[in-house]
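Listed here are the chains, written in short residue letters.
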Amino acid sequence: MKSAVEKLNPTEAKITVEIPYADLKPFVAQTYKQLADQIQIPGFRKGKVPSKLIDQRVGFDFVIENALNEGLNDFYQQALAENELTPLSQPQVEVLAKPESDNREADTKVEISVAIRPEIELPDYKGLKVEVEAREASAEDEQKALDELRARFGTLKSVDRPAAEGDHVTLDLQALVDGEEVDAANDLSYEVGSGTMLEGMDEAVTGLSADEDATFETKLAGGEHSGSDATVKVKVTAVKERELPEADDEFAQLASEFDTIDELKEDLKKQAGESAVVEQGIEARDKVLDKLVELIEVPVPEKVIEDQLAQHFDSEQAQASAEPDHDTEEHRAEVRANAETAFRNEIILDAVAEAEEVGVEQSELIDYIVNMSQQYGMDPNQFAQMLDGSGQAGMMVGEVRRRKALAKVLEYATVTDSTGTEVDLSAFVGSDDEDDAAAATEEAETVETDAK
């Protein structure tokens, strides 16, 4: 087999493959054998039908077409390896010549068009300079952490006053569309200000006391009438506020490993300081990546982006039917921009990973799977099996490798805060899971490009 490549542009190649009949012959024989097992002709046992009779039944062109379908991927992969090409899309194949009934052992010639990984030249990425916001854990941050911990151990008690943000209310709801009831529920519990129920709910219940009601207009978010304009009547049957436990030694022993409230506060102070460093680290990481992208021009293959757009809108077809304005020009532009950004980031970080000889340990892959599974509310083992079953195991390895490559660039960077003070991010860079949860959430919400 011979192959030649013509690069039409930095992200698209045309591969011409010449296949001698001797290379195609095993696939032709395999096709005849398969057809002989399928075709029944009186006087011949199953699997013993001669090739001439098979040609009469299905045609020689059909045999060659099936043989090419069977063997083409092998020839294609061989051509990719010979020419050191990494495909990024499904190939488009055009058969220029093949064996015919009057020339049964003719050579085959095909042209394969495919989007390919662009080649880039990395600039000097060591010593990039970025500035982040000055952050320092304050007494308010420490108190907030303590109050959040107390809230976890708080109890709800009924109060005789109007509902305010943070209160828990018990509700009766009735939803009407065009004056007809389409849904109703009683004794629902809702935290005012959480925004986890219908749009307009917070405004409606704020200021209501027990046994008072209100009516508001909204769009239903689920069920048979999802997306419909509705009138919702809400009645508050109880208002409860969270009563926090006293911040004393007894609480410290209940809520932590510490014996005294002073020890607990000291630990919360330490955690607040670490959180400030993490926030600076995340900001620095994002800015370092932005700077790196600015230094390199990465050609983006249109075919890959079009495939991403199609996949995105096909996967959200059900939502689009419920939201008529979902597939808009503005939304498509946003999805396209996200896909192009993701592609550039992956190409650049893969190149850094190659330059730095970054590898992925099994423990790092397990940490990634655990963090991602938490974002989807799944068991880690089930999540890993789902990814493996859908052929995304390589994607996981690639993503972990890119994170490590970016951490390496950040390690080389000079980071100062807005006051001009140099920021030490060694603790952030050295952590394997410094931002795994946030990164996993971001991945779940953006279009991912497989640029492996």
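Residues numbered from 1 in each chain as written. Predicted model: local features only at pLDDT ≥ 70, side-chain atom pairs only at ≥ 80, totals over all residues. Heavy atoms only, no water.

1. Description of the overall build of the protein
Thought 1: When helices and strands are counted, the protein shows 15 helices and 11 strands.
Thought 2: In terms of C-alpha radius of gyration, the protein reaches 31 Å, well past the compact-globule figure of 22 Å for 452 residues.
Thought 3: Residue pairs in contact within the protein that sit at least 24 positions apart in sequence constitute 68% of those at least 6 positions apart.
Thought 4: As presented, the protein carries roughly 26300 Å² of accessible surface, and 44% of it is formed by carbon and sulfur atoms.
Thought 5: In the protein, which carries 43 positive and 104 negative side-chain charges, the distance between the mean positions of the two groups comes to 9 Å. (Helix = DSSP H or I, 4+ residues; strand = E, 2+ residues; numbered from the N terminus. Rg over C-alpha atoms; globule rule 2.2 N^0.38 Å. Contact = heavy atoms within 4.5 Å. Areas by Shrake-Rupley, 256 points an atom, 1.4 Å probe, with all protein chains shown as cover. Lys, Arg positive; Asp, Glu negative; His and termini not counted. Charge placed at Lys NZ, Arg CZ, Asp CG, Glu CD.)

2. Section: the UniProt feature "domain: Trigger factor ribosome-binding bacterial" (unreviewed entry) in the protein
Thought 1: In this numbering, the UniProt entry assigns the feature "domain: Trigger factor ribosome-binding bacterial" (unreviewed entry) to residues 1-149.
Thought 2: Secondary structure content for residues 1-149 is 41% helix and 23% strand, while the C-alpha to C-alpha distance between its ends is 69 Å. (UniProt positions renumbered as here; feature names shortened; annotations may be inferred.)

3. Topic: the sheet that holds strand β2 (residues 12-19)
Thought 1: Spatially, β1-β2-β4-β3 is the arrangement adopted by the four strands of the open sheet, whose pairing is antiparallel. What marks the edges here is a single partner per strand, and that holds for β1 (2-9) and β3 (92-97). Neighbour to neighbour, the strand axes of the sheet diverge by 20° on average, direction disregarded.
Thought 2: Bridge count for β3 against strand β4 (residues 108-115) is five bridges, and the pairing is antiparallel. Across the sheet, V93 pairs through a bridge with I112, a residue of β4.
Thought 3: This element, helix α3 (residues 60-83), spans β1, β2, β3 and β4 of the sheet and lies at about 120° to β2. (Pairing = 2+ DSSP bridges. Axes fitted to C-alpha atoms, helices over the stretch in contact; angles between N-to-C directions.)

4. As for the packing of helix α4 (residues 139-152) against helix α7 (residues 261-295)
To characterise two packed helices, one gives the angle between the axes of the helices and the distance between these axes.
Thought 1: Packing of α4 against α7 leaves a shortest axis separation of 9 Å and a crossing angle of 115°. Between α4 and α7 the crossing geometry is right-handed. Packed against α4, whose contacting residues are D141, E142, A145, L146 and L149, the element α7 presents I261, L264, K265, L268, K269 and A272 at the interface.
Thought 2: Tallied by class, residues from the contact of α4 with α7 come to seven nonpolar, no polar and four charged. (Left-handed = near helix turned anticlockwise from the far one by under 90°. Nonpolar A, V, L, I, M, F, W, Y, C, P; charged D, E, K, R; others polar.)

5. Topic: the pairing of β2
Thought 1: Side chains of β2 alternate between two faces, with A13, I15, V17 and I19 buried and E12, K14, T16 and E18 left unburied.
Thought 2: As consecutive antiparallel partners, β1 and β2 are separated by two residues.
Thought 3: Pairing of β2 with β4, which is carried by eight bridges, proceeds in the antiparallel orientation. Each bridged residue has a counterpart across the sheet, and for E12 the counterpart in β4 is A115. (Buried < 20%, exposed > 50% of the residue type's maximum accessible area, 1.4 Å probe, protein only.)

6. Quick look at the pairing of β1
Thought 1: Where β1 lies against β2, seven bridges are found, and the strand directions are antiparallel. Bridge pairing links A4 to T16 in β2.

7. Digging into the pattern of salt bridges
Two side chains bearing opposite charge may form a pair once their charged atoms approach each other closely.
Thought 1: In total, this model carries 29 salt bridges according to the counting rule given.
Thought 2: Among the salt bridges present, the one from E111 reaches K14, with a minimum N-O distance of 3.9 Å. Within this pair, whereas E111 is found in strand β4, its partner K14 is found in strand β2, the two being separated by 97 residues in sequence.
Thought 3: Of the charged contacts in the structure, one is a salt bridge between K404 and E364, with a shortest N-O distance of 3.0 Å. Taken together, the positions of K404 in helix α13 (residues 393-412) and E364 in helix α11 (residues 362-376) put the pair 40 residues apart, joining distant regions of the chain.
Thought 4: Owing to a relative accessible area of 15%, E364 belongs among the buried residues under this scheme.
Thought 5: Put simply, R117, E346, D350, E399, R402 and R403 are held in one network by salt bridges that share partners. (Salt bridge = Lys/Arg side-chain N within 4 Å of Asp/Glu carboxyl O.)

8. So, unusual backbone geometry
With the exception of glycine, most residues fall at negative phi, and the peptide bonds are largely trans.
Thought 1: A positive phi angle is found at D211, which is not glycine, with a value near 75°.
Thought 2: Within the secondary structure, D211 is located in the loop between α5 (201-205) and β9 (212-219).
Thought 3: By relative accessible area, which is 58% here, D211 ends up exposed.
Thought 4: Positive phi is not limited to glycine here, since E357 has a value of about 55°.
Thought 5: Residue placement: E357 occurs in the loop between α10 (329-356) and α11.

9. Here we look at the packing of aromatic side chains
Thought 1: On inspection of all chains with the given rule, the structure shows four aromatic pairs.
Thought 2: Geometrically, the ring pair formed by F27 and F75 is edge-to-face, given 5.7 Å between the ring centres and 75° between the ring planes. Placement of the pair is F27 in helix α1 (residues 21-38) and F75 in helix α3, with a sequence separation of 48 residues. Residues F27 and F75 agree in their burial class; the two are buried.
Thought 3: A cation sits over an aromatic face here: K126 above Y412, 4.8 Å from the ring centre.
Thought 4: One cation-aromatic arrangement involves R332 over F313; the distance from NZ or CZ to the ring centre is 4.2 Å. (Phe/Tyr/Trp six-rings, centres within 6.5 Å; stacked < 30°, edge-to-face > 60°. Lys NZ or Arg CZ within 6 Å of the ring centre and 35° of its normal.)

10. Section: the environment of A79
Thought 1: Position of A79 among the secondary structure elements: in helix α3.
Thought 2: The sequence separation of A79 and V5 amounts to 74 residues, and the corresponding C-alpha distance is 8.9 Å.
Thought 3: Among residues more than four places away in sequence, those in contact with A79 are M1, S3, I15 and V17.

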